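Take a look at the letters that make up each chain.
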Amino acid sequence: MSSHFIHYSRQSIDEEDIEAVVRVLRSDFLTQGPAIEQFEQGVARVAATPAAIAVSSATAGLHLACIAAGIASGDTVWTSAISFAASANCARYVGAHIDFVDVDTDTGNLCPQELAEKLAKASAAGTLPKALIVVHFSGRTCNMEAIYALKEQYGFSVIEDAAHAFGAFYPTGKPVGSDSRSLAVVFSFHPVKPITTGEGGAITTHDAQFAKKLRMLRTHGITRDPEQLEQANMPAWYYEQQLLGYNYRMTDIQAALGESQSKKIHRFNDARRQLATRYANILDGLPLLLPPADNHSSWHLYVVRLSAGTRLSRDDAFRKLRAENIGVNVHYMPIHLHPYYQRLGFSKGQFPKAEAFFDQALSLPLHQGLVLSDQDFVAQTLRDIL
Ligand SMILES: *Cc1c(COP(=O)(O)O)cnc(C)c1O
């Protein structure tokens with residue numbers, strides 16, 4: 001048994017990060033100060049995008065992206081069957097109907113072939129989605145070229161849930177966030193994600209009007225910008241609420257941490273990429289299906305699947321590894337299997353590839369601070385139990 005708990009993922013915080021936070025604590029602004037814009041510029045640089053809007057979480061970011069995209073009651077949104085619930089909940093927040101697209105069992109990413117078939121049926125039935133929320137599962141990008149071709153054909157908006165994929169690249173080598181064919185890209189800075197702000201997220205977009213709307217929605221739907229005010233020649237104190245917005249702001253304390261962290265994103269991602277390559281070597285020969293190699297992924301997760309015919313079930317393997325202090329996890333139970341979604345009418349068997357993926361999936365510890373001896377212990381323990 002390991003003498004310490006080996007986390008499946010965790011933050012890396014150094015003295016530079018701590019000093020950045022302390023500087024804000026000693027400054028005039030804990031929120032709505034200059035740290036937000038600096039962080040937003042850092043995010044925009046990494047994502048190679050003109051605008052980034054920092055928000056209180058990726059969940060808040062997905063919610064605002066849905067509102068700003070004009071999605072409302074009566075509309076339909078599709079997302080991947082294998083994701084965190086927030087990828088679907090955002091559509092429910094705005095009263096939209098949600099449906100799922102089945103995945104590729106090799107990667108856990110939305111399957112373009114499944115999408116094409118589902119769109120053809122929806123087109124015939126007059127039930128096309130207004131938006132598709134793609135999820136770059138584990139930090140590996142979806143087949144965006146195939147998805148954009150279908151977007152052109154059927155006319156839906158693309159929102160990327162890139163909660164796992166800050167600093168990741170498409171196969172072209174361009175950063176996630178850099179493609180203007182997506183309306184919005186949403187990143188998460190929860191401590192298990194590629195970099196952290198404690199809680200936090202950001203939305204990036206190439207559409208200046210959309211960015212303006214997001215900025216307003218993030219802070220109650222209020223603006224003080226003289227150029228945006230509906231009333232002319234008003235005194236300096238004047239502001240207007242023009243939309244029904246929220247308080248989804250990030251604090252300057254978080255933004256300062258995020259800016260300091262964002263400088264390290266490529267170092268973190270490279271470290272996880274190397275550990276992923278190392279896993280592929282040290283797990284070789286075990287009855288496991290390993291995730292395909294990918295030099296562009298941010299490798300937020302390292303999800304193996306237990307081969308059919310393995311002595312142990314996934315849940316037995318999970319229990320035995322946890323008993324050795326190894327923080328394995330399961331990503332994810334398909335969203336439609338949660339009781340809330342079952343009550344909306346979804347049922348088991350509807351997305352068979354996602355369900356098969358889930359039955360076998362086990363996330364092994366992978367984070368930029370994972371030490372090689374811990375990684376070796378994970379591999380050795382798997383060798384012992386399988
Ligand atoms: C973590 C996560 C979210 C939500 O991120 P928060 O910042 O915690 O709100 C959304 N989608 C996916 C795929 C996630 O993994």
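Everything here concerns the structure above.
Residues numbered from 1 in each chain as written. Predicted model: local features only at pLDDT ≥ 70, side-chain atom pairs only at ≥ 80, totals over all residues. Heavy atoms only, no water.

Enquirer: Give me the sheet that holds strand β2 (residues 76-80): which residues, what numbers.
Expert: Strand order in this open sheet of seven strands is β1-β7-β6-β5-β4-β2-β3, and the pairing throughout is mixed. Since the sheet does not close on itself, it has two edges, and those belong to β1 (51-55) and β3 (97-101), each with one partner. For this sheet, the mean angle separating the axes of adjacent strands, direction not counted, is 20 degrees. Note: strand β4 (residues 131-135) against strand β5 (residues 157-161), five bridges, orientation parallel. Its bridge partner being in β5, Ile133 is matched across the sheet by Ile159. Docked against the sheet, helix α2 (residues 34-47) engages β1, β6 (184-188) and β7 (201-205), running at close to 125 degrees with respect to β1. Sheet strands touched by helix α5 (residues 112-125): β2, β3 and β4. Its angle to β3, the strand with the most contacts, is close to 140 degrees. (Pairing = 2+ DSSP bridges. Helix = DSSP H or I, 4+ residues; strand = E, 2+ residues; numbered from the N terminus. Axes fitted to C-alpha atoms, helices over the stretch in contact; angles between N-to-C directions. Contact = heavy atoms within 4.5 Å.)

Enquirer: Could you give me a rundown of the environment of Glu16, with the residues and numbers involved?
Expert: For Glu16, the position within the fold is in helix α1 (residues 15-25). Remark: the alpha-carbon pair of Glu16 and Ser260, spanning 244 residues in sequence, is separated by 7.0 Å. For Glu16, the residues in contact, after removing those within four places along its chain, are Ser260 and Lys264. There is a polar contact of 2.8 Å between the side chain of Glu16 and the side chain of Lys264. (Polar contact = N/O pair within 3.5 Å; in protein donor to acceptor, adjacent residues only side chain to side chain.)

Enquirer: Before we move on, could you go through helix α4 (residues 86-93) and cite the residues and values that matter?
Expert: The buried fraction of α4 amounts to six of the eight residues, a majority that puts the element mostly inside the structure. Among the residues of α4, those classed as buried are Ala86, Ser87, Ala88, Asn89, Cys90 and Ala91. On its buried side, α4 packs onto α3 (58-68), β2, β3, β4, β5 and α11 (339-343). Gly95 sits one or two residues past α4 and shows a positive phi near 80 degrees. (Buried < 20%, exposed > 50% of the residue type's maximum accessible area, 1.4 Å probe, protein only.)

Enquirer: Provide a residue-level description of empty space enclosed by the protein, including the pertinent values.
Expert: In total, this model carries two cavities of 30 Å³ or more according to the counting rule given. The calculated volume of the largest cavity comes to roughly 90 Å³. Along the wall of the largest cavity there are 15 residues; nearest its centre are Asp106, Thr107, Arg140, Pro291 and Val303. Sort the elements by how many residues they give to the lining of the largest cavity and strand β11 (residues 302-306) lands first, with three residues. Estimated volume of the second largest cavity: approximately 40 Å³. Surrounding the second largest cavity, Ser9, Arg10, Val192, Lys193, Pro194, Arg272, His300, Leu366 and Gln368 form its lining. (1 Å grid on protein atoms, 1.4 Å probe; cavity = no way out; pocket = protein on both sides within 12 Å on 5 of 7 lines; lining within 4 Å. Points joined across faces, edges and corners; volume = space filled by probe spheres on them.)

Enquirer: Can you explain the packing of aromatic side chains? Please cite residues and give values.
Expert: Tallying each qualifying case throughout the model produces 15 aromatic pairs. For the ring pair Phe100 and Phe351, a centre distance of 5.9 Å and an interplane angle of 80 degrees mean the geometry is edge-to-face. Pair noted here: Phe100 is in strand β3 and Phe351 is in the loop between α11 and α12 (352-360), with a separation of 251 residues, a long-range link. Taken together, a centroid distance of 5.1 Å and an interplanar angle of 75 degrees make the contact between Phe166 and Phe187 edge-to-face. Here Phe166, found in the loop between β5 and β6, pairs with Phe187, found in strand β6; they are 21 residues apart in sequence, far enough to count as distant. Members of the aromatic cluster, joined through ring pairs, are Phe100, Tyr340, Tyr341, Phe346 and Phe351. Sitting over the ring of Trp78, Lys118 keeps its end group 5.2 Å from the ring centre. Of note, Arg314 hangs over the ring of Phe358, and the distance from its end group to the ring centre comes to 5.0 Å. (Phe/Tyr/Trp six-rings, centres within 6.5 Å; stacked < 30°, edge-to-face > 60°. Lys NZ or Arg CZ within 6 Å of the ring centre and 35° of its normal.)

Enquirer: Tell me what's going on with the site of the ligand, and back it up with residues and numbers.
Expert: Among the 15 residues in the neighbourhood of the ligand, the closest are listed as Thr59, Asp161, His164, Ser188 and Lys193. His164 places a side-chain nitrogen or oxygen 2.7 Å from an oxygen atom of the ligand. Here an oxygen atom of the ligand and a side-chain polar atom of Tyr332 are 3.1 Å apart. In isolation the ligand exposes 380 Å². Once the protein is present, 93% of that is buried. Among the detected pockets, the ligand sits in the second largest pocket. Those elements giving two or more residues to the shell around the ligand turn out to be α3 and α4. Looking at the shell around the ligand residue by residue, the class counts come to six nonpolar, seven polar and two charged. (Near = heavy atom within 4 Å. Areas by Shrake-Rupley, 256 points an atom, 1.4 Å probe, with all protein chains shown as cover. Sits in = over half its atoms within 2 Å of the grid points. Nonpolar A, V, L, I, M, F, W, Y, C, P; charged D, E, K, R; others polar.)

Enquirer: I'd like a description of the pattern of salt bridges, backed by residues and values.
Expert: Two side chains that carry opposite charge are able to pair once their charged atoms sit near each other. All chains considered together, the criterion is met by 15 salt bridges. The closest approach of N and O atoms between Arg314 and Asp315, which form a salt bridge, is 2.8 Å. Of the residues examined, Arg314 reaches a relative accessible area of 8% and is grouped as buried. Sharing partners across several salt bridges, the network here consists of Asp14, Glu16, Asp17 and Lys264. (Salt bridge = Lys/Arg side-chain N within 4 Å of Asp/Glu carboxyl O.)

In short, the description is geometric, and any link to function would need to be established separately.
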